[in-house]
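Chain residues, written in single-letter form:
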Amino acid sequence: MMRSMVSPSDDPSQVNHEYGALPEDAFRRHISLRLSQLEEQISGLQREQQALRAQWNTRLAVCRLPPEIIVDIFTQYCACCYTRHRRTYAQGAWVNLRLVSRYWNAVACATPVLWREIDAYRHSSWLTLCLERSQRANLDIAFHNYTFPAADMVAMLLPHAHRVRELLVNFPLPTTWAMGIAQLCRCVLNMPVMEVMRISNSAQPKDAYIDLNLTHSLYPCLHTLNLYRASLPFDMQLLSKLRILHVDACMLPSDFTVDRWMSVLASNRRLEDLKISYFLDQLVGNWATLAELRRPPINLHRLTRIEVSGHSPSLSAVFLTHLLIPADAHVIINGDLGDVAEEDVTETLSALLPPPAVRNDSLPVLQCSIRRVALDVLFTDYELSAFTSVSAGLPSLFLSISSSDVDEWEDSLDRGILDLVHLFSGSPLTDLQVSGICDNVDQEHWEVIFNTFPDLEKITLRGEGSISAFWTALSSVPNDRHDLAPPSPPCPRLKHITCRGYFEDVAILFATMYHSLMHRAECGSRLESLCVEAFSSNTPDYQEMTDTYASQLHGIVNVVVFSDLRSGMSSLLTVKRVPQHI
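Residues numbered from 1 in each chain as written. Predicted model: local features only at pLDDT ≥ 70, side-chain atom pairs only at ≥ 80, totals over all residues. Heavy atoms only, no water.

*Asks:* Outline the overall build of the protein, supporting the account with residue identities and numerical values.
*Replies:* What the protein contains, in helices and strands, is 18 helices and 20 strands. For the protein, contacts bridging at least 24 residues in sequence account for 70% of all contacts bridging at least 6. When the accessible surface of the protein is summed, it comes to about 29600 Å², and 53% of that surface belongs to carbon and sulfur atoms. (Helix = DSSP H or I, 4+ residues; strand = E, 2+ residues; numbered from the N terminus. Contact = heavy atoms within 4.5 Å. Areas by Shrake-Rupley, 256 points an atom, 1.4 Å probe, with all protein chains shown as cover.)

The structure is reproduced here in structure tokens:
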């Protein structure tokens, strides 16, 4: 039986009984008056309820903390959330803490330091509020959206220019914004606390450069300068005090010479991070004159990172010849070959570095114990990454070349291998990754690798083509042996091999691989693990073949993994675990 949802107070008969004798107009006036009275009573009860809750909260421990403790909680929480790439998340985190209580919100609103980091997006209201509540605190301002009115930006920042510590424009500048920032820099007489400036002008035409009026007198405290497509005048006082300098495709004046640039570096004792792109070829003068003057190399002893890109390999090498870079600095060098076709490339990765006579002096990282190297000559990549530790996340040395006429590197892996051997022949490599099209890499190339790096413990081969020569070289015996000792295969400490890609002649590959591993096991160099991940589209009986070879590898390899990458079918993974003994 269904229960009625109509309460007695909703019964029309009772309402009519109470006011039934009244005319229609009087009836409605009485009802409206009574409703107003009830609403006022409800509002009063709600206000009393809120007041009681507020009184209750004042006795809670979290609301009895001194203001300085609450401010410290805000700042520490921001520090835990803050990273350079997630600054906006950190700001939003502390804003949410204001919701703990009215007391916490009042403390936050009255603390200027919490409002000094400002992230402005589309509207000016948040910027206005932060400028007001930050009072006299120095400002770190980041603009993230070009729809923010450029005229408002200029009008709002001009009165506060004297306390702007950091200015970041994190989007391609449209014309109105480029003009607005230039106007701001022209109108202010001094930005005495400006320390960090990051401006990108990527949306402007190639011949349009933004003028930021970069002078030491205007920016006496500037230590971080990151510019793209801006005018960079020669100011020795400004440039010689920078700790971070990133200059990409900037316009240089006619008095910015090669010698002056080297003088800037020589006089800068603070430089920690240097990035120059499409820069060296704009300097006036001849680099050969530096060698004629026999100028001593410049020791950048505080440098932790250097990136040189957008220049020809030979120009990058000449520049690096005149530097002494610390062994623990991260070195990134990208060579621009122009529009050279792949078959016409003459300058490869080795050409990016100084001549062998001074190479180790300029780049001591090459003398360090490089343990892991990744060589990628595949698709659009022609690059090499070297690590001083097998578990290191960032490479100590990264080299790459590119050509606008090369969409995919198809026939250059052999040259990449020669670069690898030439650069790291004295390093005790234990981990090697090679990626590329292997068709033009013969057995001799692999033998050179194995003989140059006999301490290899792990090899990862990724790409396509035929890799039978790789397996044949792994079981070869040097021809120059004259002793009577039992033959030892290359890289006797090798324990882990991974092959992943679209390999041709899978049947021949598996047969060659089996005989190679059998020979190594007989010589006492058995693998710990073997992982083969291949596309089986050209091998109809791939699953049956892998099962067969997995059983044949019993006793030769401790762990065998075969995977079919066709259509992402990772569920077809077959794992065979075999005993440790032969």
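Next comes the rest of the account.
*Asks:* Please give an account of the nonpolar core that cites residues and values.
*Replies:* Nonpolar side chains tend to gather and get buried jointly when the protein is soluble and globular. Within the largest apolar cluster, 155 residues are counted, with the highest numbers of intra-cluster contacts made by F143, L232, W261, F319, F424 and W471. The dominant element in this core, judged by the number of residues it contributes, is helix α17 (residues 506-522), at seven residues. When sequence neighbours within four positions are dropped, the list of residues in contact with F424 reads L366, I370, V373, L384, A386, L397 and F453. (Core = buried A, V, L, I, M, F, W, Y, C linked by side-chain atoms within 4.5 Å. Buried < 20%, exposed > 50% of the residue type's maximum accessible area, 1.4 Å probe, protein only.)

*Asks:* Kindly report on the packing of aromatic side chains, identifying the contributing residues and their values.
*Replies:* Scanning all chains against the criterion turns up 19 aromatic pairs. Measuring from centroid to centroid gives 5.3 Å for F234 and F256, while their planes differ by 75°, and the two rings are edge-to-face. Residue F234 is found in the loop between β5 (224-228) and α9 (236-239), and its partner F256 is found in the loop between β6 (244-248) and α10 (258-267); the two are separated by 22 residues along the sequence. Looking at F256, the relative accessible area reads 0%, which means it is buried. (Phe/Tyr/Trp six-rings, centres within 6.5 Å; stacked < 30°, edge-to-face > 60°.)

*Asks:* I'd like a rundown of a nonpolar patch on the surface, residues and numbers included.
*Replies:* Together, W56, L60, V62 and V100 make up a nonpolar patch on the protein surface, roughly 380 Å² of accessible area in all. Tracing the backbone through its elements, the reader meets V100 in the loop between α4 (87-97) and α5 (102-109). The class of V100 is partly exposed, set by a relative accessible area of 42%. (Patch = residues over 30% accessible without salt bridge, like charges linked within 9 Å, V, L, I, M, F, W, Y side chains within 5 Å. Salt bridge = Lys/Arg side-chain N within 4 Å of Asp/Glu carboxyl O.)

*Asks:* Give a description of the pattern of salt bridges that names residues and reports values.
*Replies:* Scanning all chains against the criterion turns up twelve salt bridges. Close ionic contact of R462 with D376 constitutes a salt bridge, the shortest N to O distance being 3.1 Å. Of the two residues, R462 is situated in strand β16 (residues 458-465) and D376 in strand β12 (residues 372-378); the sequence distance between them amounts to 86 residues. What makes R462 partly exposed here is its relative accessible area of 32%. In this structure, R500 and E533 form a salt bridge, with 2.9 Å as the shortest nitrogen-oxygen distance. With R500 in strand β17 (residues 496-503) and E533 in strand β18 (residues 527-534), this residue pair connects regions lying 33 residues apart in the sequence.

*Asks:* Please give an account of helix α15 (residues 443-452) that cites residues and values.
*Replies:* Since there are 3.6 residues in each turn of an α-helix, residues three or four apart along the chain are aligned in direction. Those residues of α15 lying buried are H445, W446, I449, F450 and T452. The secondary structure elements touched by the buried residues of α15 are α14 (413-424), β15 (431-437), β16 and α16 (468-474). Among the residues of α15, the N-terminal cap falls to D442, whose side-chain oxygen and the backbone nitrogen of E444 are separated by 3.2 Å. (Polar contact = N/O pair within 3.5 Å; in protein donor to acceptor, adjacent residues only side chain to side chain.)

*Asks:* Tell me about the side chain of R163, and please be specific about residues and values.
*Replies:* Tracing the chain through its elements places R163 in the loop between α7 (150-157) and β3 (164-169). Buried charge without a salt bridge: R163, with D140 as the nearest opposite-charge side chain at an N-O distance of 9.8 Å. A distance of 3.0 Å separates the side chain of R163 from the backbone oxygen of Q135, its partner in a polar contact. A polar contact of 2.6 Å, which involves the side chain of R163, links it to the backbone oxygen of A137. Dropping the residues within four chain positions of it, R163 is found in contact with L131, S134, Q135, R136, A137, N138, L139 and V193. (Lys, Arg positive; Asp, Glu negative; His and termini not counted.)

*Asks:* Tell me about the packing of α14 against α15, and please be specific about residues and values.
*Replies:* A pair of packed helices can be characterised by two numbers: the angle between their axes and the separation between those axes. Contact geometry for α14 and α15: axes closest at 10 Å, N-to-C directions at 15°. The angle between α14 and α15 places the two elements in the roughly parallel class. Seen from above, α14 lies across α15 with left-handed handedness. Here α14 contributes D414, I417, L420 and V421 to the contact with α15, which in turn contributes H445, V448, I449 and T452. Considered class by class, the residues forming the contact of α14 with α15 number five nonpolar, two polar and one charged. (Axes fitted to C-alpha atoms, helices over the stretch in contact; angles between N-to-C directions. Parallel < 35°, antiparallel > 145°, perpendicular 65-115°, else oblique. Left-handed = near helix turned anticlockwise from the far one by under 90°. Nonpolar A, V, L, I, M, F, W, Y, C, P; charged D, E, K, R; others polar.)

*Asks:* An account of a negative patch on the surface is needed here, citing residue identities and associated values.
*Replies:* Where like charges cluster on the molecular surface, the negative patch consists of D339, E343, D344, D405, D407, E408, E410, D411, D439, E464, E504 and D505. For D339, the location among the structural elements is in the loop between β11 (330-336) and α13 (356-362). Its relative accessible area of 59% is what places D339 among the exposed residues. (Charge placed at Lys NZ, Arg CZ, Asp CG, Glu CD.)

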